[in-house]
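Topology and contacts: notes
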Amino acid sequence: MKQHALIVEKSADEFLVHRDIYRDPEVFDWEMKYIFEGTWNLLGLESQIPKAFDYFTTHIGRTPVIVTRDAKGAAHCVVNSCRHKGALVCHTQQGNSRNFVCQYHGWAYDASGKNILIKDKKEGGYPPCFDNASHDLAPVPRFASYRGVLFGSLNPDVPELETYLGDLKTMIDLIVDQSPQGIECVAGTGAFTFQGNWKLQLENGVDPYHFSSTHPSYIQVLKKRAESKSVYSNFKSSELVRGTFAFGNGHNAMWGPAPSDAATPLGHSRAELEDRVGSVRAKWMAYVRNITAFPNAQFAENASLQLRIWRPLAPDLTEMRTFCLAPVGEPAEARRLRIRQYEEFFNPTGLATPDDITNYEDCQRGMQAAGIAWQQGHSRGTAFQRAAAPAEALELGVHPISSVVGGFNLGDETVMHETYRYWRTLIEQGLMNDAAQGSES
Ligand code: FES
Ligand SMILES: [Fe+2]
């Protein structure tokens, strides 16, 4: 079958990725069905719905959903599709509403998704069987929070969320524990599309190799500041190491040297953090860290902290929603630095994001080239890959399936191997299950 030829391991150290995974509509359909609609997706943060009747909308694969807080304070995740004829019942990204009224024929739902009105029902001549069916907004089968980070799954048959996350929990803890009150979204979001496959973002988010060539303008700014000894004065040194951790279920992490405390908003809280979480975890909080919550989100922390959630729209079109995150109650000066550095680096109008997007779109266009099947972009770091946890993992208490620790310019690419193995497994299992069900019927 075709899927066997997309991620190929010819030998222990030859890992090949076929260009069709970024451009083939059939592969895209498999991804929607077996990956995005087959496992847990990150939806957002509980802090986006702090009060009763708060809600935000998002998607799990192709399915529009509403995450909402009911009158009693319980959070729900329901499908944003009227049970009558399917219209969206909520059109805004976020807000506060006691109910959702469908604008087509006026059916209404409360903040838990329960149907509270079928317009003119008495006069409607409905058959008795009509009341046998639920008219409520369909609940998403699995919905859970890990420390205020919300996940949902359309597939009821997934492991418990904490099992699914595994060691990624430790990496999420490094974010949530930055304040005793947890984290929040700074007001405002970024939303944009790029004309490229979603896996270009998935890969780039943990790709240290691109930084020096893709972001020269940002590096120039850093150098100027270093000359004035203000920020990032220790950003690059031959003594510094960087590394990657590949976890189970497609999750991964990339980490690197910490900028100087003066360069980061978290630097303002260094003493408090060391007291509260200990010196090792405080050190890791200060590191540059990007982590992937497979399949649809990444947290990126360097000069500021970003949550990125993507929604694949087509093989060559992806929607991005981006949020600036912050520890609740951080000092005003730190918050100011966080927002300014977020705008500078992460914003769609910043110094980094347009560079990255241009590359994704260039890759997508370049990969239309006929006759070139295989990428050469997943080999760097192979000689340094190890199965045993390095000291950096052990001090943090994580046990990656594989990891790489190397020099500043190593630019490991092997972190994607486990992610793509899991990607392949989900698709293969899905196709096999469908084939088995087809042969039964
Ligand atoms: S589609 Fe919603 S009330 Fe008809
Ligand atoms: Fe980048």
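Quick caveat: nothing in here was measured; it's all calculated off a predicted structure.

Points about the nonpolar core
- Counting residues in hydrophobic clusters, the biggest one holds 78 residues, and the most contacted among them are Leu 42, Phe 151, Phe 245, Phe 294, Leu 307, Tyr 420 and Trp 423.
- By residue number, the principal contributor to this core is helix H13 (residues 415-440), which donates eight residues.
- If we ignore the near neighbours within four places in the chain, the residues touching Leu 42 are Val 149, Leu 150, Phe 151, Ala 293, Asn 296, Ala 297, Phe 299, Leu 307 and Ile 309.

Focus on the coordination of the iron ion (ligand 2)
- Of the protein atoms, only His 210 (NE2), His 215 (NE2), Asp 356 (OD) and Asp 356 (OD) coordinate the iron ion (ligand 2), at distances of 2.1 to 2.5 Å.
- Classification of the site at the iron ion (ligand 2) as irregular follows from its four donor atoms and the range of 56 to 144° in their angles at the metal.

A short note on the pairing of strand S6 (residues 75-79)
- Pairing analysis gives five bridges linking strand S5 (residues 63-69) to S6, with the strands arranged antiparallel. Counted as the bridge partner of Thr 68 is His 76 from S6.
- If you look at the hairpin formed by S5 and S6, you'll find five residues sitting between the two strands, and Gly 73 has a positive phi there, around 95°.

Section: unusual backbone geometry
- Note that the residue after Phe 294, namely Pro 295, is joined by a cis bond; omega there is 10°.
- If you trace the backbone, Pro 295 turns up in the loop between strand S16 (288-293) and strand S17 (297-301).
- At Phe 53, a residue that is not glycine, the phi angle is positive and equals roughly 75°.
- Structurally, Phe 53 is set in the loop between strand S3 (41-45) and strand S4 (54-60).
- For Arg 147, which is not a glycine, the phi torsion comes out positive at approximately 50°.
- Mapping Arg 147 onto the fold places it in the loop between strand S11 (142-146) and strand S12 (149-153).

So, how was this worked out
- Residues numbered from 1 in each chain as written.
- Chains lettered and ligands numbered in written order.
- Predicted model: local features only at pLDDT ≥ 70, side-chain atom pairs only at ≥ 80, totals over all residues.
- Heavy atoms only, no water.
- Core = buried A, V, L, I, M, F, W, Y, C linked by side-chain atoms within 4.5 Å.
- Buried < 20%, exposed > 50% of the residue type's maximum accessible area, 1.4 Å probe, protein only.
- Helix = DSSP H or I, 4+ residues; strand = E, 2+ residues; numbered from the N terminus.
- Contact = heavy atoms within 4.5 Å.
- Donors = N, O, S within 2.8 Å, 3.2 Å for Na, K, Ca; no water.
- Tetrahedral: all angles 85-135°; square planar, octahedral: opposite > 155°, others 65-115°.
- Pairing = 2+ DSSP bridges.

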